[in-house]
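For reference, the chains in residue letters:
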Amino acid sequence: MYKPSQPSHLSTPLIGILAVLVVVGLLLVFHAVVKGAVQDGEFRRQAGVTQAAATWRCSLLRDLRARDSCLLQTDVAVTAIPSGVMHASALN
C-alpha cells in the first residue's frame, strides 16, 4: 500500500527563506565575477594604450640603437608581468 512520506522537519517558511538566501548569495557571487571581469578589461585597455604610447615615443627616436633599445624595454615590460596585463605606470 501507499504510505505517505513523513512531514519535513523544516517548515515551509524556513525553506522559502533558505531559498531566498541561496538566490541572493548566487547573485552576489555573479556580481563579483562580472565586476572583476570589467576591471580586468579596463586594465587591459589601459595597458594597450600605454604600450601604444610607449611604442610611439620609441619610434620618434632618431638614433637606431636608442630606438631598438627603447622598443626592447617596452616589450620586456609587457612580458615581465605574468598575466600579460601591463599596469599603466609600467612604462612611465
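Bear in mind that the values here come from a model prediction, so they are computed numbers and not experimental data. (Residues numbered from 1 in each chain as written. Predicted model: local features only at pLDDT ≥ 70, side-chain atom pairs only at ≥ 80, totals over all residues. Heavy atoms only, no water.)

1. Here's the deal with the overall build of the chain
We count it as follows: Runs of H or I in DSSP of at least four residues are treated as helices and runs of E of at least two as strands, each being numbered from the N terminus. Here the term buried applies to any residue with accessible area under 20% of the maximum for its type, exposed to any over 50%, and partly exposed to those in between, with areas from a 1.4 Å probe on protein chains only. Note on areas: these come from Shrake-Rupley sampling with a 1.4 Å probe, and a residue is covered only by the protein chains present in the view.
In terms of helices and strands, the chain carries two helices and zero strands. Across the 92 residues in the chain, those meeting the buried criterion constitute 11%. Carbon and sulfur atoms form 68% of the exposed surface of the chain, whose accessible area is close to 7700 Å².

2. Regarding the pattern of salt bridges
Under the convention used in this document: We define a salt bridge as a contact between a side-chain nitrogen of Lys or Arg and a carboxyl oxygen of Asp or Glu at a distance within 4 Å.
In total, this model carries one salt bridge according to the counting rule given. For arginine 45, the salt bridge goes to glutamate 42, with nearest N and O atoms at 2.7 Å. Residue arginine 45 and its partner glutamate 42 are both found in helix 1 (residues 12-59); the two are separated by three residues, about one turn of the helix. By relative accessible area, which is 33% here, glutamate 42 ends up partly exposed.

3. A closer look at the state of the cysteines
Filter applied, for reference: To count as a disulfide, a pair of cysteine sulfur atoms needs to be within 2.5 Å.
For the structure on display, the rule yields one disulfide. Across a sulfur-sulfur distance of 1.7 Å, cysteine 58 and cysteine 70 are joined as a disulfide pair. Around the S-S axis, the bridge from cysteine 58 to cysteine 70 shows a dihedral of about -65 degrees and counts as left-handed. Linking cysteine 58 in helix 1 with cysteine 70 in helix 2 (residues 64-79), this pair joins segments that are 12 residues apart in sequence. In this structure cysteine 58 comes out as buried when scored by relative accessible area, which is 1%. By relative accessible area, cysteine 70 is classed as partly exposed at 21%.

4. Focus on the side chain of threonine 74
Rules: For the purposes of these results, a polar contact is taken to be a pair of N or O atoms within 3.5 Å, where, inside protein, one atom must be able to donate a hydrogen and its partner to accept one; residues adjacent in sequence count only when each atom of the pair is a side-chain atom.
With respect to the secondary-structure elements, threonine 74 resides in helix 2. Threonine 74 gets classed as buried once you look at its relative accessible area, which sits at 4%. In terms of polar contacts, threonine 74 uses its side chain to reach the backbone carbonyl oxygen of cysteine 70, at 2.9 Å.

5. Thoughts on the confidence of the model for the chain
To be explicit about the condition: pLDDT runs from 0 to 100 and stands for how confident the predictor is about each residue. Working rule for contacts: check all heavy atoms of both residues, and any pair within 4.5 Å makes them a contact.
Scored by pLDDT, the chain comes out at a mean of 81, with 72% of its residues at no less than 70. Segment residues 88-92: pLDDT under 50, and 11 contacts once partners within four positions in sequence are set aside and those in other chains are kept.

6. Details of a nonpolar patch on the surface
As a reminder of what qualifies: Residues enter a patch when their relative accessible area is above 30% and they make no salt bridge; the linking distance is 9 Å between like charges and 5 Å between nonpolar side chains (Val, Leu, Ile, Met, Phe, Trp, Tyr).
Taken together, Leu14, Ile17, Leu18 and Leu21 make up a surface patch of nonpolar side chains, about 360 Å² in accessible area. Mapped onto the elements of the fold, isoleucine 17 is located in helix 1.

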